[in-house]
Amino acid sequence: ALPPQGSLRVQCYTPAIEEKQRHRLHIQQAIRGATERGEMSLAFQPKLSLADHKILGAEALLRWQHPEFGLISPGEFIPLAEASGDILAIGDWVLNEAMRYINLWRAQGLLNDDFHIAVNVAARQLTRKDFAQQLLARLEEQQIPQRFFALEVTESGLMSDMDHARQQLAQLAQMNIAVAIDDFGTGQSSLAYIKTLPFSTLKIDRAFVMDLETSAIDRQLAQTIAQLAHSVGCDVVAEGIENSAQAAYLSSIGCEAAQGYFYARPLPAEAFVTWCSEWQPLLSTSPREAINGS
Ligand code: C2E
Ligand code: MG
Ligand code: MG
Ligand code: MG
């Protein structure tokens, strides 16, 4: 068949774009009130020590089950919520919900003293001038010691409003609230800010982990990132580990911790509790089996 003529192609193309825009708009409108309607929930992905595979904590990841569109990925709706400002209300909800689980699990005796829950925060939340103060007040109100709680901030988020972010990060450090740089290496990083900002942890993005087995350059990059992090006193967490070879390499270059489907996917709260209760006893008998059997 002949290729469609220019005008025809435009006609076919436009409705698709419009449809996409309509969908985005629809989603953007539906975000408002989604927490109140009970459509949002937190999933928890375990974070493990690479040295001994003990559970160090979990990252809370937002999930949105829309009645019409089904499960919508945070990669899709978080940017929309950031653009509209709805991220502030959603972010508050996430912080409260994470604290609710911390207290629930502490009351049930599930959390030992070095277990923490990490919450992702958007740049827009962090640049609120009272963010750190409010967070500390809320932790105190909930009687949660700081060590049970941590934040993750993406690199690109930080770069967008450095001065305001810097103030809040300094306060958080003073308050002993741990902050990790997320997705390290994927944004427009300035190495200078690593030196001047008080992070406790640097997360190596999955982009540097996925091809470790086949790419010598990626192995070199991962090692360099780990060295860089350690040289400024940060711990290193590797994201997106999907097999034992990646885990072994990251361990060999001194990464402290790991997350990834190899160990566990992000899990609904109850499934996460079950996963933890099955993982720890496995470890005490045979770490190898625990890893290989997962
Ligand atoms: P992130 O914070 O870098 O989270 C890691 C993402 O990688 C998660 O995607 C997780 O499910 C996924 N992941 C973990 N292990 C593996 C693996 O082994 N293989 C693969 N292919 N993927 C893996 P998710 O849950 O879709 O979240 C995407 C992003 O959305 C997050 O990236 C974070 O930036 C943002 N996000 C999620 N929840 C929140 C939230 O509550 N607040 C804010 N502001 N952002 C959030
Ligand atoms: Mg994160
Ligand atoms: Mg990340
Ligand atoms: Mg990411």
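Residues numbered from 1 in each chain as written. Chains lettered and ligands numbered in written order. Predicted model: local features only at pLDDT ≥ 70, side-chain atom pairs only at ≥ 80, totals over all residues. Heavy atoms only, no water.

Asker: An account of the overall build of the chain is requested, with residue identities and associated values reported.
Answerer: Scanning the chain from N- to C-terminus turns up twelve helices and ten strands. Against the compact-globule benchmark of 19 Å for 294 residues, the chain has a radius of gyration of 21 Å, which places it among compact chains. Judged by the C-alpha coordinates and their principal axes, the chain covers about 65 × 50 × 40 Å. When the 294 residues of the chain are sorted by exposure, 45% land in the buried category. The contacts in the chain between residues at least 6 apart in sequence include a share of 69% that link residues at least 24 apart. Surface accessibility of the chain: about 15000 Å² in total, with carbon and sulfur atoms responsible for 52%. Of note, the chain has its 23 positive side-chain charges centred 3 Å away from the centre of its 34 negative side-chain charges. (Helix = DSSP H or I, 4+ residues; strand = E, 2+ residues; numbered from the N terminus. Rg over C-alpha atoms; globule rule 2.2 N^0.38 Å. Buried < 20%, exposed > 50% of the residue type's maximum accessible area, 1.4 Å probe, protein only. Contact = heavy atoms within 4.5 Å. Areas by Shrake-Rupley, 256 points an atom, 1.4 Å probe, with all protein chains shown as cover. Lys, Arg positive; Asp, Glu negative; His and termini not counted. Charge placed at Lys NZ, Arg CZ, Asp CG, Glu CD.)

Asker: Account for the site of ligand 1, naming residues and giving values.
Answerer: Arg63, Asn120, Asp182, Glu242 and Tyr261 are the nearest of the 21 residues found near ligand 1. Look at ligand 1: alone it shows 800 Å² of surface, and the protein chains cover 82% of it. Its atoms largely coinciding with the cavity grid, ligand 1 occupies the largest pocket. Only β2 (55-66), α2 (74-84), β4 (116-121) and β6 (178-184) provide two or more residues apiece to the shell around ligand 1. The residue inventory of the shell around ligand 1, partitioned by class, reads ten nonpolar, four polar and seven charged. (Near = heavy atom within 4 Å. 1 Å grid on protein atoms, 1.4 Å probe; cavity = no way out; pocket = protein on both sides within 12 Å on 5 of 7 lines; lining within 4 Å. Sits in = over half its atoms within 2 Å of the grid points. Nonpolar A, V, L, I, M, F, W, Y, C, P; charged D, E, K, R; others polar.)

Asker: Residues and numbers for the coordination of the magnesium ion (ligand 2), please.
Answerer: The protein atoms donating to the magnesium ion (ligand 2) are Glu59 (OE), Asn120 (OD1), Glu152 (OE) and Asp182 (OD), with metal-donor distances spanning 2.0 to 2.3 Å. Donor residues binding the magnesium ion (ligand 2) come from one chain and are separated in sequence as E-x60-N-x31-E-x29-D. In this structure, the magnesium ion (ligand 2) lies 4.1 Å from the magnesium ion (ligand 3), and both are coordinated by Asp182. Of this pair, Asn120 sits in strand β4 while Asp182 sits in strand β6, and the two are 62 residues apart along the sequence. (Donors = N, O, S within 2.8 Å, 3.2 Å for Na, K, Ca; no water.)

Asker: Break down the layout of surface pockets for me, with residues and values.
Answerer: By volume, the largest pocket amounts to about 970 Å³. Forming the walls of the largest pocket are 39 residues, and the residues nearest its centre are Glu59, Leu61, Pro74, Asn120 and Asp182. Taken together, the elements giving at least two residues each to the lining of the largest pocket come down to β1 (40-49), β2, α2, α3 (87-107), β4, α4 (123-126), β5 (149-154) and β6. Looking at side-chain class alone, the lining of the largest pocket contains 16 nonpolar, eleven polar and twelve charged residues. If you add up the space inside the second largest pocket, you get close to 310 Å³. Lys47, His116, Ser200, Thr201 and Asp235 are the residues nearest the centre of the second largest pocket, which is lined by 21 residues in total. If you list the elements that add at least two residues to the lining of the second largest pocket, you get β4, β5, β6 and β8 (235-238). (Points joined across faces, edges and corners; volume = space filled by probe spheres on them.)

Asker: Tell me about the pattern of salt bridges, and please be specific about residues and values.
Answerer: The full count for this structure, using the stated rule, is ten salt bridges. Salt-bridge contacts for Glu19 lead to Arg22; the nearest nitrogen and oxygen are separated by 3.0 Å. Separated by three residues within a single helix, Glu19 and Arg22 lie in helix α1 (residues 6-31), roughly one turn from each other. With a closest N to O distance of 2.8 Å, Glu39 and Arg37 form a salt bridge. (Salt bridge = Lys/Arg side-chain N within 4 Å of Asp/Glu carboxyl O.)

Asker: How would you summarise the side chain of Asp218 if you had to cite specific residues and measurements?
Answerer: For Asp218, the position within the fold is in helix α9 (residues 216-231). We note that Asp218 is buried and unpaired, the nearest opposite charge coming from Arg219 at a distance of 8.5 Å.

Asker: Explain the nonpolar core to me, using residue names and the numbers behind them.
Answerer: Ranked by size, the top nonpolar core spans 87 residues in total, and within it Phe44, Ile117, Leu135, Phe149, Leu151 and Leu172 carry the most contacts. A total of ten residues in this core trace back to one element, the largest contributor, which is α3. (Core = buried A, V, L, I, M, F, W, Y, C linked by side-chain atoms within 4.5 Å.)

Asker: Describe in detail the packing of α3 against helix α5 (residues 131-141), supporting the description with residues and values.
Answerer: Running from N to C, α3 and α5 point in directions that differ by 30°, and their axes come no closer than 11 Å. On the basis of the axis angle, α3 is roughly parallel to α5. Relative to α5, α3 is oriented so that their crossing is right-handed. Contact residues: α3 offers Asp92, Leu95, Asn96 and Met99, while α5 offers Phe131, Leu135, Arg138 and Leu139. Residues that form the contact of α3 with α5 fall into these classes: five nonpolar, one polar and two charged. (Axes fitted to C-alpha atoms, helices over the stretch in contact; angles between N-to-C directions. Parallel < 35°, antiparallel > 145°, perpendicular 65-115°, else oblique. Left-handed = near helix turned anticlockwise from the far one by under 90°.)

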